[in-house]
Amino acid sequence: MTRPVEPASRYDLVVIGAGPAGLSAATLAAEAGASVALVDSGSRPGGQYWRNAEDDSSAHLQHARRPFLKLLRRAEAASVVHFGRHHVQTVLADGGGWVARCAVGDEPTSGTDISTVRGDQIIVATGAYDRQLPFPGWDLPGVVTAGGVQALLKQHGVAAGRRAVVAGTGPFLLPVADGLLRSGASVAAVIEAGSPAGFARHPRAVVGARGKLVEAASYLLRLAVSRTPYRRRHAVVRALGTDRLEAVQVARLDRSGHPVPGSTSELPCDLLAIGWGFTAQLEIHLQLGCAVGRGSDGGLVVAVDDDGRTSVPGVWAAGESTGIGGAELALVQGEIVGRAATGATVSTGLRARRAALRRFAEALHTVHPVPPFLLDTLPDETVLCRCEEVTAGAVRDAVHEWGATDARTVKLLTRTGMGWCQGRVCGYSAALLTAQLCGRETATGDLRAYAERPLAVPLRLGQMLK
């Protein structure tokens, strides 16, 4: 893959995001004859899923490393131009095409350099990040997102703790626990709120994604060999400690997803790796005016047609931003969009594979939902927005005392989502809690209130002058 000395005046296609979807889309488009710029915040391609996958020292922690290296070689052979350490702030219309304005550096605010990358069309494949929900003690040091724990392992070979509990819901918990075990950490238990037995009600989806079951079985075997308990239909209800995490309270969940009275027990630990699925990263899509809707997991996603076109001409989307479904689905979507954006033929077999993987993703979201008790029983004093120190009680007051009827009004009254993370951590739970307090289903507008941001990344005032 080539690295630019000076950006070309204009590319046929600019791909934002070098994870599975973006790398796949860029490669297929370049192989079809297009000039392609691949823009990403990381120094090397791979995204979060293939973080540091080129480094042999982390090979034992990587998923599908060989396909990644093969795809990377194809991208290099096709002369995809990689703009690493480019943090896209905004994308603007530019004479019938598009210009991506990027802060250059290890972090978006680490310097004052600004680069612009222009293209006739644009594919946005910005992926997703950990979806978190509040619970008592979740702001203690030692409580870390499951994705954060995995990133530390892959990038630096560092386990975030010595005795861990991995909790939440969904199959991502298994590779996180596996990575911790491989790093030498002790895993006290994996706490799964759902039950994989629920896949029995989705036989067609399971048959279409048999490889995922084999992968899950390999992780479960490692848990069994290490004698790590795997508790289904259980959840962490409280993190305990004074200055940092010392233990967690775990409760068994009933069929409705609420804790069974009298079932609570404690597990000593110094690390809680917790994850409730993922949230699509949509800042750039929303900046461009792309239509959005609700995904099968209840989150906000960008609306696309069968080829990956958004509602904005010349703008395409691929990967998790179109619906959370995992790396394999993102790869297939990237290939479809990369071909379609250059006018190349998309085979019916490729579309059929995407359909099968989507069925599995929809079944997964059904089998592993977020348990309702997390917001139903959230104490008033629990901090919901950590940046602005807004409690759940303040959100309830905004609705009951001040008459707020939507998430945007709650945001204005309480400052939820207005801190450093700009709602990436608290936005989903604030939107759900607001709708619940208003006695209605969560609306697209509730989620959008915390997903829209004028800039996709932070910037220095000096960068605004360039």
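Here, the structure is the one placed above.
Structural notes, computed from the coordinates. Predicted, not measured: the structure shown is a model, and the values here were computed from it.

Remarks on the overall build of the protein chain
No. 1: A count of helices and strands for the protein chain gives 15 helices and 21 strands.
No. 2: Against the 2.2 N^0.38 benchmark of 23 Å for 466 residues, the protein chain shows a C-alpha radius of gyration of 22 Å, consistent with a compact globule.
No. 3: The principal-axis extent of the C-alpha atoms belonging to the protein chain is close to 65 × 55 × 40 Å.
No. 4: The 466 residues of the protein chain split such that 55% are buried.
No. 5: Considering only contacts within the protein chain whose residues lie at least 6 apart along the sequence, 65% involve residues at least 24 apart.
No. 6: With an accessible surface of roughly 19600 Å², the protein chain has 52% of that area assigned to carbon and sulfur atoms.

Comments concerning the pairing of strand S4 (residues 86–94)
No. 1: Most of S4 is tucked away, with seven of its nine residues classed as buried.
No. 2: The sheet contact formed by S4 and strand S5 (residues 97–104) spans eight bridges and is antiparallel. Looking at the pairing, Ala 93 lines up with Trp 98 of S5.
No. 3: Adjacent in sequence and paired antiparallel, S4 and S5 are bridged by two residues, among which Gly 95 carries a positive phi angle near 55°.

Topic: empty space enclosed by the protein
No. 1: This structure, assessed with the given rule, holds three cavities of 30 Å³ or more.
No. 2: Along its surface, the largest cavity is lined by 16 residues, and Tyr 129, Thr 279, Tyr 428, Leu 447 and Ala 451 are the ones closest to its centre.
No. 3: At the level of secondary structure, the elements contributing two or more residues to the lining of the largest cavity comprise strand S16 (278–280), helix H13 (427–437) and helix H14 (444–451).
No. 4: Broken down by element, the lining of the largest cavity gets its largest block of residues, three residues, from H14.
No. 5: Of the residues contributing to the lining of the largest cavity, the split by class is eight nonpolar, five polar and three charged.
No. 6: Of the voids in this model, the second largest cavity is the one considered here, and its volume is about 50 Å³.

Cut-offs used in this document
- Residues numbered from 1 in each chain as written.
- Predicted model: local features only at pLDDT ≥ 70, side-chain atom pairs only at ≥ 80, totals over all residues.
- Heavy atoms only, no water.
- Helix = DSSP H or I, 4+ residues; strand = E, 2+ residues; numbered from the N terminus.
- Rg over C-alpha atoms; globule rule 2.2 N^0.38 Å.
- Buried < 20%, exposed > 50% of the residue type's maximum accessible area, 1.4 Å probe, protein only.
- Contact = heavy atoms within 4.5 Å.
- Areas by Shrake-Rupley, 256 points an atom, 1.4 Å probe, with all protein chains shown as cover.
- Pairing = 2+ DSSP bridges.
- 1 Å grid on protein atoms, 1.4 Å probe; cavity = no way out; pocket = protein on both sides within 12 Å on 5 of 7 lines; lining within 4 Å.
- Points joined across faces, edges and corners; volume = space filled by probe spheres on them.
- Nonpolar A, V, L, I, M, F, W, Y, C, P; charged D, E, K, R; others polar.

Coordinates in, geometry out; function isn't part of it.
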